[in-house]
Amino acid sequence: MRLYALCDTDTLAKHGVGYEEFVQRAKKFGAEVLQYRNKKGDVAAIKADLIALRRLWDGYLIVNDQYELASFCDGVHIGQEDLTAIDLDPVRAVKILKMAIGDDKIIGLSTHSQKEIEIANALDINYIGLGAYRSTTTKSDAKILGEKLDAIAAFSRHPVAAIGGVKLDDQFRHVTYWVIGSGLL
């Protein structure tokens, strides 16, 4: 199992956990990637947080959605809506995104179905997030894939990060990364 730690500011605040404590827990569990997600912060606050996290975290640091801040980390994870906001043609959208953040940055894309995976297979990205595996408190409207997630993951040519309610003891055959957020708290 390879661990991808989701550092969600709302979840951390709800549990009274700071960045330093979360990073220490992620390191303790052997996380390779840390994704910073802040759905309510402005660009200046997110930038300051990324700088602070970079001081604490030596692994891959990914920012959620805010691709204009990719220079402060190793890459960006975007959703389907974020991609179509760049361009309706996903191939062209990724090309534009790469021009904006640089070819050396990691790009992850959220997917929720075999159809979205098949589209992602044609894209020049580094990995996909697939889910949700279970319901979570952070995304009440998420489509739950449950046990189907692993079978759907087999269709991806990119490494797959299982997202949404994943636990450390879950078992997958076709998933590269277990994305764990509140499970580390």
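Bear in mind the structure is a predicted one, so any value in this text is a computation, not a measurement. (Residues numbered from 1 in each chain as written. Predicted model: local features only at pLDDT ≥ 70, side-chain atom pairs only at ≥ 80, totals over all residues. Heavy atoms only, no water.)

A.B. asks: So what exactly am I meant to see when it comes to the environment of Ala122 here?
C.D. replies: Structurally, the position occupied by Ala122 is in the loop between α6 (114–120) and β6 (127–131). For Ala122, a relative accessible area of 55% corresponds to the exposed category. Separated by 32 residues in sequence, Ala122 and Pro90 place their C-alpha atoms 8.9 Å apart. (Helix = DSSP H or I, 4+ residues; strand = E, 2+ residues; numbered from the N terminus. Buried < 20%, exposed > 50% of the residue type's maximum accessible area, 1.4 Å probe, protein only.)

A.B. asks: So what exactly am I meant to see when it comes to the state of the cysteines here?
C.D. replies: In total, this model carries zero disulfides according to the counting rule given. Free of any disulfide, Cys7 has its nearest cysteine sulfur in Cys73, 12 Å distant. Residue classification places Cys7 among the buried positions, given a relative accessible area of 0%. Given the relative accessible area of 4%, Cys73 is considered buried. (Disulfide = S-S within 2.5 Å.)

A.B. asks: Got a minute to help me understand the pairing of strand β2 (residues 33–37) in this structure?
C.D. replies: On a regular strand, one side chain projects to one face of the sheet and the next to the other, so that they alternate. Where burial is concerned, most of β2 is hidden: five out of the five residues are buried. The two faces of β2 match: Val33, Gln35 and Arg37 on one face and Leu34 and Tyr36 on the other face are all buried. In the sheet, strand β1 (residues 2–8) pairs with β2 via five bridges, with the strands oriented parallel. Residue pairing across strands places Cys7 opposite Tyr36, the latter belonging to β2. Sheet analysis places β2 next to strand β3 (residues 60–64), joined by four bridges and oriented parallel. By the bridge assignment, Leu34 is partnered in β3 with Leu61. Handedness of the crossover is the feature at issue here: the chain leaves β2, passes through helix α3 (residues 43–56), returns alongside β3, and the resulting connection is right-handed. (Pairing = 2+ DSSP bridges. Right-handed = clockwise from strand over helix to strand, strands pointing away.)

A.B. asks: Even after reading the chapter, I still don't get the layout of surface pockets, so can you show me in this structure?
C.D. replies: Rolled over the atoms, a probe sized like a water molecule indicates the empty space that remains. Quantified by volume, the largest pocket comes out at close to 960 Å³. Around the largest pocket, the lining is made up of 44 residues, and of these Leu6, Arg37, Thr136, Thr138 and Lys139 lie nearest the centre. For the lining of the largest pocket, the per-class residue count stands at 11 nonpolar, 20 polar and 13 charged. (1 Å grid on protein atoms, 1.4 Å probe; cavity = no way out; pocket = protein on both sides within 12 Å on 5 of 7 lines; lining within 4 Å. Points joined across faces, edges and corners; volume = space filled by probe spheres on them. Nonpolar A, V, L, I, M, F, W, Y, C, P; charged D, E, K, R; others polar.)

A.B. asks: Help me understand the sheet that holds strand β8 (residues 177–180), please; the structure alone is not making it clear to me.
C.D. replies: Paired through their backbone hydrogen bonds, the strands of a sheet run either parallel or antiparallel. Strands sit in the order β1-β2-β3-β4-β5-β6-β7-β8 around a closed barrel of eight strands; the barrel is parallel. Direction aside, the axes of adjacent strands within the sheet are offset by 25 degrees on average. Against the sheet, helix α5 (residues 90–101) touches β4 (75–78) and β5 (106–111), its axis set at about 145 degrees to β5. (Axes fitted to C-alpha atoms, helices over the stretch in contact; angles between N-to-C directions. Contact = heavy atoms within 4.5 Å.)

Everything listed is a geometric property; what it means functionally is a separate question.
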